Every structure is written in structure tokens, then in C-alpha cells.
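So the chains spell out like this:
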Amino acid sequence: YELTCRDWSSDVFSSDLQRVLWVNSPFSVVWSTVDYAYEAMSISATAQVLAGSGQGDFGLICGMLDGQHFTSLEVTEDGYFSIWKRLGLETLSLLDWTYAEEIAAGGVLQLSAECSSESLKLAVNNGLLAEVVDPQFTPGAVGLIVGTLAGPNLSVGFDNVEIRIP
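Source: prediction; values computed, not measured. (Residues numbered from 1 in each chain as written. Predicted model: local features only at pLDDT ≥ 70, side-chain atom pairs only at ≥ 80, totals over all residues. Heavy atoms only, no water.)

Q: Give a detailed account of the layout of surface pockets, specifying residues and quantitative values.
A: Where empty space is left becomes clear once a probe the size of a water molecule has been rolled over the atoms. In this model, the second largest pocket occupies a volume close to 180 Å³. Taken together, S42, I43, S44, S112, A113, E114, K121, L122, A123, L128, E162 and R164 form the lining of the second largest pocket. Only β5 (41-51), β10 (109-115), β11 (120-124) and β14 (154-164) provide two or more residues apiece to the lining of the second largest pocket. Looking at the lining of the second largest pocket residue by residue, the classes come out as five nonpolar, three polar and four charged. (1 Å grid on protein atoms, 1.4 Å probe; cavity = no way out; pocket = protein on both sides within 12 Å on 5 of 7 lines; lining within 4 Å. Points joined across faces, edges and corners; volume = space filled by probe spheres on them. Helix = DSSP H or I, 4+ residues; strand = E, 2+ residues; numbered from the N terminus. Nonpolar A, V, L, I, M, F, W, Y, C, P; charged D, E, K, R; others polar.)

Q: Which residues make up unusual backbone geometry, and what values do they have?
A: A positive phi is found at N126, a non-glycine position, where the angle reads about 70°. Summarising the element assignment, N126 is placed in the loop between β11 and β12 (127-132). Its identity is not glycine, yet N153 carries a phi of approximately 65°, on the positive side. Structurally, the position occupied by N153 is in the loop between β13 (141-148) and β14.

Q: How would you sum up the pattern of salt bridges? Please name residues and give values.
A: This model, assessed by the stated rule, comprises three salt bridges. Among the ionic pairs, D134 bridges to K85, the shortest N-O distance being 2.7 Å. Of this pair, D134 sits in the loop between β12 and β13 while K85 sits in strand β8 (residues 80-87), and the two are 49 residues apart along the sequence. (Salt bridge = Lys/Arg side-chain N within 4 Å of Asp/Glu carboxyl O.)

Q: Could you give me a rundown of the state of the cysteines, with the residues and numbers involved?
A: The final tally for this structure, using the stated rule, is one disulfide. Bridging C62 to C115, the disulfide has an S-S length of 2.2 Å. Classification of the bridge connecting C62 and C115 rests on its S-S torsion, roughly -85°, and on that basis the disulfide is left-handed. With a gap of 53 residues between them, C62 in strand β6 (residues 56-66) and C115 in strand β10 connect regions that are remote in the sequence. Judged on exposure class, the residue C62 and its partner C115 are both buried. (Disulfide = S-S within 2.5 Å. Buried < 20%, exposed > 50% of the residue type's maximum accessible area, 1.4 Å probe, protein only.)

Q: Which residues make up the nonpolar core, and what are the values?
A: Formed by 33 residues in total, the largest nonpolar core has its most connected members in F58, V146 and F158. Filtering out sequence-adjacent residues up to four positions away, F158 remains in contact with Q18, R19, L21, A45, T46, A47, F58, G59, L144, I145 and V146. Core analysis: the next-biggest nonpolar cluster, separate from the first, contains eight residues, W31, I61, M64 and I145 among them. (Core = buried A, V, L, I, M, F, W, Y, C linked by side-chain atoms within 4.5 Å. Contact = heavy atoms within 4.5 Å.)

Q: Before we move on, could you go through the side chain of T46 and cite the residues and values that matter?
A: With respect to the element layout, T46 can be found in strand β5. Taking the relative accessible area as the measure of exposure, T46 reaches 15% and is therefore buried. Non-local contacts of T46, meaning those with residues more than four positions away in its chain, are made with V108, L109, Q110, G157, F158, D159 and N160.

Q: Describe the pairing of strand β4 (residues 28-34), listing the residues and the values that go with them.
A: The element β4 is largely enclosed, with a buried count of six among its seven residues. The sheet contact formed by β4 and β13 spans six bridges and is antiparallel. Across the sheet, residue V30 finds its bridge partner in β13, namely V146. (Pairing = 2+ DSSP bridges.)

What follows is the structure, encoded as C-alpha cells:
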């Protein structure tokens, strides 16, 4: 299938200081980034599904050069996590989708990612879920991402977004 990708910075709105990102169509990905690019960075946020599609994913992105070149560290509505990267029209899995009880429990999740050429790390609720090495990692923008498969209308609220440079 083909994913529709777009920068949704203009679609983002705040409600009680919460950033809400939504996808209205199936097989779509939207994101918002901050254009900081350092050799090593971390980003964290609390996230909660506000309206589920049943087949949605959401998380953090780093190393974004443009809409076709970035790394994503994500979780799904039904309890899985993955680290993958987009290289032009190709999507490469750096870590296959893996089930985790702490994600499946739902509710508010504390997501955090550390991104550098030394390693990519994904943590949920302060517990490290995955660490992989991508020797071709390129520093770029960091941000938030939301996507759908066959089901449309996913809405995720992000709060307490923090970006750190070690």
C-alpha cells in the first residue's frame, strides 16, 4: 500500500496546552517537527489516544531531513512498538513490531526517544523497550508523528514535549 505523508504543523491546535494531532484518512501519516539538528538529541512527550482508528500508530521522529527521509520510534493502539526509517519511497524496519504489555494497557503513555549515530532508543513509561544501531543515521529535525492503516480518524494528544541536547 502507499502511505500519504504530510507535515501537519498547520493542522495542529492546542487545547489546555495539549497538542492534538489527527489523521482523517486511511493509510496516512502526519507529523510536526522542530528544526533542531544536533549529532545527538532526545525527545519525550506524554501521549494519549483521544479517538482511535483501531489500527493507528503514534510516536516520535528524529533525523528528519524532509518528508521522505526520517526515523520513527512508534507505538500502536493495540500494544506494539517499532523503530523504522523512511528512505525516499522505501520504508526500512530497524526493529520489527513487538508486543509490550505496558503499551497495551493504554491510557497516558510517557514516550521518549534518544537519537544519534551511536544508537536509537525507545522508552515507554520510563522503561527502555528497544535500542538499535543505525550507522547511517543522519541528524535532522525531531518531532511527533501519527499514522493510520486501513482505519481512518485517529486523534492523539501530546503533552509535556521536551527536547534535549546532551
